[in-house]
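Residue strings, one per chain:
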Amino acid sequence: MKLRFLCAGHRNQLSLNPGQAINCWQNSFDTGQLFYEQAMWEDALPHIGCAFETAEIILTTKAVDTPCACELFMSSAILLAKTYMQLGYREQILDVYEMAVYRLQREMVGNSIKVARINRNLVDLHKNFQGLIERQDSAVATSPLEAAQLESAVH
């Protein structure tokens, strides 16, 4: 499943205007986080999803330096996964994790100077998702098959 929160027009507009993308990310992330903190997860989801997609645009367009863009992207991925967890969307948690890992790994290609930093980001991402999955597993009884699928996806 591909996670989509931005329409093609907005995605294109943000890709062409990195300054606008930074503002969009900040507004979306802050709004989503506010809703999340108020346990309004359905309301938080589209904002956090928008922040996640916009952070990927920021990373791609080099609107900010790579370490900062990776932090925005990771923060968005983690908050999006937490929101999905609160809503009980287990498959989407794994989708976010896989998309985030894949995107960060792509960033390392041809960028030997930043490989160590991005590897640390990947380790942090893994720890956050592992903790998230463990919390969800303890909160919800899972079938052995589901637990094995989650475990294998994170490792």
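Owing to the predicted nature of the structure, the values given are computational and were not obtained by experimental measurement.

Q: Go over the overall build of the protein with me, naming the residues and quoting the values.
A: Along its length, the protein carries seven helices and zero strands. When the helices and strands of the protein are listed from N to C terminus, the series reads α-α-α-α-α-α-α. Here the protein, with 155 residues, has 42% of them falling under the buried criterion. The contacts of the protein with a sequence gap of at least 6 include a subset with a gap of at least 24, amounting to 70%. With an accessible surface of roughly 8,000 Å², the protein has 55% of that area assigned to carbon and sulfur atoms.

Q: Would you mind going over the packing of helix H1 (residues 8–16) against helix H2 (residues 18–37) in detail, with residue names and values included?
A: Closest axis-to-axis distance for the H1/H2 pair is 5 Å, and the angle between their directions is 120°. Residues Gln13, Leu14, Ser15 and Leu16 of H1 form the contact with H2, whose own contacting residues are Pro18, Gln20, Ala21 and Cys24. Considered class by class, the residues forming the contact of H1 with H2 number five nonpolar, three polar and no charged.

Q: Go over H2, please, and point to the residues and values.
A: Note on helix geometry: an α-helix contains 3.6 residues per turn, so any two residues three or four positions apart are oriented the same way. In a regular helix each residue adds 1.5 Å, so 20 residues correspond to 28 Å; H2 covers 28 Å between its end C-alpha atoms and thus fits that length. Restricting attention to buried positions, one finds in H2 the residues Ala21, Cys24, Trp25, Ser28, Phe29, Gly32 and Tyr36. The buried side chains of H2 occupy one side of the element, clustering within an arc of 125° when seen end-on. Counted as exposed and oriented over 90 degrees from the buried face of H2: Asn23, Asn27 and Glu37. Those residues of H2 that are buried are in contact with H1, helix H3 (41–61) and helix H4 (66–87). Just downstream of H2 lies Ala39, where phi reads positive at about 60°.

Q: Describe the nonpolar core, listing the residues and the values that go with them.
A: Ranked by size, the top nonpolar core spans 41 residues in total, and within it Trp25, Leu80, Tyr84, Val96, Leu104, Leu125 and Phe129 carry the most contacts. With 13 residues, H4 is the largest single contributor of residues to this core. Beyond its immediate chain neighbours, meaning those up to four positions away, Tyr84 contacts Leu3, Phe5, Leu45, Tyr89, Gln92, Ile93 and Val96.

Q: Tell me about the packing of aromatic side chains, and please be specific about residues and values.
A: Summed over all chains, the structure comprises four aromatic pairs. Centre to centre, the rings of Trp25 and Phe29 are 4.8 Å apart; their planes meet at 20°, and the pair counts as stacked. Taken together, the positions of Trp25 and Phe29, both in helix H2 and four residues apart, correspond to about one turn of that helix. When sorted by exposure, Trp25 lands in the same class as Phe29, which is buried.

Q: Go over the pattern of salt bridges, please, and point to the residues and values.
A: Scanning the model with the defined rule gives four salt bridges in all. With its nearest N and O atoms 3.8 Å apart, the salt bridge here joins Glu53 to Arg4. Of this pair, Glu53 sits in helix H3 while Arg4 sits in the segment before H1, and the two are 49 residues apart along the sequence. Between Arg11 and Glu56 there is a salt bridge, with its nearest N and O atoms 3.8 Å apart. One end of the pair, Arg11, is in helix H1; the other, Glu56, is in helix H3, with 45 residues separating them in the sequence. Here the salt bridges do not stand alone but share partners, grouping Arg4, Arg11, Glu53, Glu56 and Arg103 into one network.

Q: Tell me what's going on with the packing of H2 against H4, and back it up with residues and numbers.
A: Running from N to C, H2 and H4 point in directions that differ by 30°, and their axes come no closer than 11 Å. In terms of orientation, H2 lies roughly parallel with respect to H4. Crossing hand, H2 versus H4: left-handed. Along the contact surface, H2 presents Trp25, Phe29, Gln33 and Tyr36, while H4 presents Leu72, Ser75, Ser76, Leu79, Lys82, Thr83 and Gln86. Of the residues contributing to the contact of H2 with H4, the split by class is five nonpolar, five polar and one charged.

What counts and what doesn't
Residues numbered from 1 in each chain as written. Predicted model: local features only at pLDDT ≥ 70, side-chain atom pairs only at ≥ 80, totals over all residues. Heavy atoms only, no water. Helix = DSSP H or I, 4+ residues; strand = E, 2+ residues; numbered from the N terminus. Buried < 20%, exposed > 50% of the residue type's maximum accessible area, 1.4 Å probe, protein only. Contact = heavy atoms within 4.5 Å. Areas by Shrake-Rupley, 256 points an atom, 1.4 Å probe, with all protein chains shown as cover. Axes fitted to C-alpha atoms, helices over the stretch in contact; angles between N-to-C directions. Nonpolar A, V, L, I, M, F, W, Y, C, P; charged D, E, K, R; others polar. Expected span 1.5 Å × (residues − 1). Arc of directions from axis to C-beta. Core = buried A, V, L, I, M, F, W, Y, C linked by side-chain atoms within 4.5 Å. Phe/Tyr/Trp six-rings, centres within 6.5 Å; stacked < 30°, edge-to-face > 60°. Salt bridge = Lys/Arg side-chain N within 4 Å of Asp/Glu carboxyl O. Parallel < 35°, antiparallel > 145°, perpendicular 65-115°, else oblique. Left-handed = near helix turned anticlockwise from the far one by under 90°.

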